[in-house]
Structure formats: C-alpha cells, structure tokens
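What follows is the residue order along each chain.
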Amino acid sequence: EICNLNDTLQGLGGLLVEPGASGRTRAWFAQFPAGKKHYVAGVPVPVLIGLLRPLGLLGGGAPARPPSLLHLATVPALDCEFEELSLAKARRYHGMSLEHTNELRVQCCDGRRQVMLVSRVAAGGAFDQKLAEGDVVLRVAGQPVTRPQDVERLMELHSQGKQEAVTWTVLRSRQLFEASIAPSVRSTDGTQRLVIFNGIVVRPTPRAVAERGGPLRPHTRPGAGLYFWHIFPGSPADAFGLSAPGWLVQVDDEELLSI
C-alpha cells in the first residue's frame, strides 16, 4: 500500500515510472513533515485509481463533478490499519490452527508467508467495537486474505458499493469469531476555507487527526476547533517559538471553537 523511499532530498516529490520506453507510472510520492524531520512515502497507482474513479476524475466510473462540488464526493474506506505478521508467528503466538495456516500459505504471493494483523482501529469508525488492535484477520466474505488489497477487493465486490455489511473471520486471544462489518463513506470533510493568523495556518480539525485519539474535547472533534499544522518561518508565531501541530483554543480571554 505504501512505498517507502530512503536517501532523498528535502522537498522532493514526483512519480515513480517503469524504466525503458514504456515509462508507465507506478506510484506517486512526496515528502511529508514529521516534527522537525521529514519522510518520503508513495502511493501505488492501483490505490490512486481506486480513489480517483469514484470522484469522477477517471474514465469508466462516476461522471465528473464540477470543481465547486468536488468536496462533496465520497469514497468507501476501511476504518482500520494493518501490519504484516508471519504465519509462523501467528501460529506460535496467536494460536492459529494448522488448517488456517495451510489455507493462508496457498493464498500468499511474492514468496511472503504472512497474515494481516490489525494495528489500529479508527475511533468512532465503522470498525470500532467490532475489531480490536491485535486481531488476526483470516477471511473476508469466506475468502482467505493475506494483503490489504485482498480485503479492499472483497469488500468492494460483496458490499456492492452500497456499504452493505460483509462477514470477517478473525482470530482474537486464540479464539475464532465472526464480525459483520460495512465500509465507511468518506469525503474531504467539506473543508473549503483556511485562515492564516500571525503565520499560523489554521483549519477545522480534520477527521483523520481526530481519529488518532487523544483527549476528546470540543475543539478536537472532526470539523470543529482551529487545528494548525504549519507555521511560516519568520512569522510572529515562529518568533515566539510556537511549534506545529496543535490547536488554537483561545485568544486573550476569548475561547475559539470554530473558524
């Protein structure tokens, strides 16, 4: 799902293309801030296509939306994150049966014998209270899965674009159980306005930031508060040592709850 790149220059971004005459694009990549450091990550083309087609930005899908309405477009999403776990560790530490191990081994590709472990569940999302961190995903819609792409394909096939629930078979605390899970419908949150205040770039709290957890307060809810992720060098905020990210919650004695 993600391409990690090393030994790159600050501010670098672009496309990864195949060598030779074809020059076909394989992934888009860019640099992202992480505190005072930066990291470079890319998104493969098949993932981008799955996001752009429902928005009407590619052929063969929904009709294109006028730019003024693009923020209303939605795409299906899975409210959890996965990490790879070797079949040997799943069997040794999670009690996976020999039957499931052999079934998943046949399904594995690229010589990587692995299964998916749930590493994070988005707070308040469709998977909350149904999946938990540490769950081992064995089947989706009755089919064995070993990669996130397998889950996305089966969810799209069986939910039929209507956000209908699909049965997952999961191993938790050495016990098998089934969970009925439907994909969530996500959009850009409708953000159409940014404000620069003394060098601080603020906007309503993004959904992805709110789902990361932390104290649940009025200004940290999705679409509420004044969240900032960038401070312009040389600005008053920079001169006083303010660092991003964070929330602007009060000016003098006045509380700030919205943009």
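Throughout, a residue's number is its position along its own chain's written sequence, starting from 1. It should be noted that, the model being predicted, local features are given only for residues of pLDDT at least 70 and side-chain atom pairs only at 80 or more, the latter also being counted only at that level, while totals for whole chains, interfaces and linings use all residues. The side-chain values count all of the structure's non-hydrogen atoms but skip hydrogen atoms and water molecules.

## Considerations on the overall build of the protein
At step 1: Every helix listed is a DSSP run of H or I at least four residues long, and every strand listed is a run of E at least two residues long, numbered separately from the N terminus. For the protein, the helix and strand inventory stands at six helices and 18 strands.
At step 2: Across the 259 residues that make up the protein, the buried fraction comes to 32%.
At step 3: Long-range contacts, defined here as pairs at least 24 residues apart, represent 50% of the contacts in the protein between residues at least 6 apart.
At step 4: Total accessible area on the protein is roughly 16000 Å²; 53% of this is exposed by carbon and sulfur atoms. The classification of residues rests on relative accessible area computed with a 1.4 Å probe and restricted to protein chains. Under 20% of the type maximum is buried, over 50% is exposed, and intermediate values are partly exposed. By definition in these notes, contact holds between two residues if any of their heavy atoms fall within 4.5 Å. The Shrake-Rupley method, run with a 1.4 Å probe sphere, supplies the accessible areas, and residue values consider only the shown protein chains as cover.

## Here we look at helix α4 (residues 148-159)
At step 1: For a helix, the expected span equals 1.5 Å multiplied by the number of residues minus one. Counted at 1.5 Å a residue, the expected span for α4 with its 12 residues is 16 Å, and the 16 Å between its end C-alpha atoms agrees.
At step 2: All buried positions along α4 are accounted for by Asp-150, Val-151, Leu-154, Met-155 and Ser-159. Looking straight down α4, one finds that the buried residues subtend no more than 130 degrees of arc, so they occupy a single side. Of the exposed residues in α4, those oriented more than 90 degrees away from the buried face are Glu-156 and Leu-157.
At step 3: Against the buried residues of α4 lie α3 (98-107), β7 (114-121), β8 (136-140), β9 (143-144), β10 (166-172) and β11 (175-181). This arc is built from the directions going out from the helix axis to the C-beta atoms.

## Considering the pattern of salt bridges
It is possible for side chains of opposite charge to pair when their charged atoms get near one another.
At step 1: The term salt bridge refers to a side-chain nitrogen of Lys or Arg lying within 4 Å of a carboxyl oxygen of Asp or Glu. Following the criterion strictly, the structure yields six salt bridges and no others.
At step 2: Put simply, Arg-120 and Glu-81 hold a salt bridge, and the shortest N to O gap is 3.3 Å. Here Glu-81 lies in strand β6 (residues 80-86) and Arg-120 lies in strand β7, a separation of 39 residues in the sequence.
At step 3: One salt bridge in this structure joins Arg-139 and Glu-103, with 3.0 Å as the shortest N-O distance. With Arg-139 in strand β8 and Glu-103 in helix α3, the pair connects residues that are 36 residues apart, well separated along the chain.
At step 4: The class of Arg-139 is partly exposed, set by a relative accessible area of 23%.

## Some points on the nonpolar core
One recurring pattern in soluble globular proteins: nonpolar side chains tend to sit buried together.
At step 1: Here, nonpolar core refers to any group of buried Ala, Val, Leu, Ile, Met, Phe, Trp, Tyr and Cys residues whose side-chain atoms link them within 4.5 Å. Leu-131, Val-140 and Trp-168 are the most contacted members of the largest nonpolar core, which totals 18 residues.
At step 2: Put simply, the parts of the chain that give this core at least two residues each are β6, β7, β8, α4, β10 and β11.
At step 3: When sequence neighbours within four positions are dropped, the list of residues in contact with Leu-131 reads Cys-80, Val-118, Val-121, Trp-168, Val-170, Arg-172 and Ile-181.
At step 4: Residues Met-96, Val-115, Leu-138 and Leu-171 belong to the second largest nonpolar core, which totals 11 residues.

## A look at the packing of aromatic side chains
At step 1: Two rings belonging to Phe, Tyr or Trp (six-membered ring only in the last case) form a pair when the distance between their centres is within 6.5 Å. Interplanar angles under 30 degrees mark stacking, angles over 60 mark edge-to-face geometry, and anything in between is tilted. By the definition in use, this model includes three aromatic pairs.
At step 2: Here the aromatic rings of Tyr-227 and Trp-247 are separated by 5.3 Å at their centres, their planes lie at 65 degrees, and the arrangement is edge-to-face. Here the residue Tyr-227 occupies a position in strand β15 (residues 227-231), and Trp-247 occupies one in strand β16 (residues 246-247), the gap between them amounting to 20 residues.
At step 3: Here Tyr-227 falls in the buried class, since its relative accessible area comes to 11%.
At step 4: In textbook terms, an aromatic cluster arises when at least three aromatic residues are bridged by ring pairs, as seen for Phe-82, Phe-127 and Trp-168.

## Some points on unusual backbone geometry
At step 1: Backbone torsion omega between Ala-244 and Pro-245 reads 0 degrees, so that peptide bond is classified as cis.
At step 2: Within the secondary structure layout, Pro-245 lies in the loop between α6 (236-239) and β16.
At step 3: For Ser-173, which is not glycine, the phi torsion reads 50 degrees and is therefore positive.
At step 4: Backbone geometry at Asn-198 places phi at a positive 55 degrees, although glycine is not the residue there.

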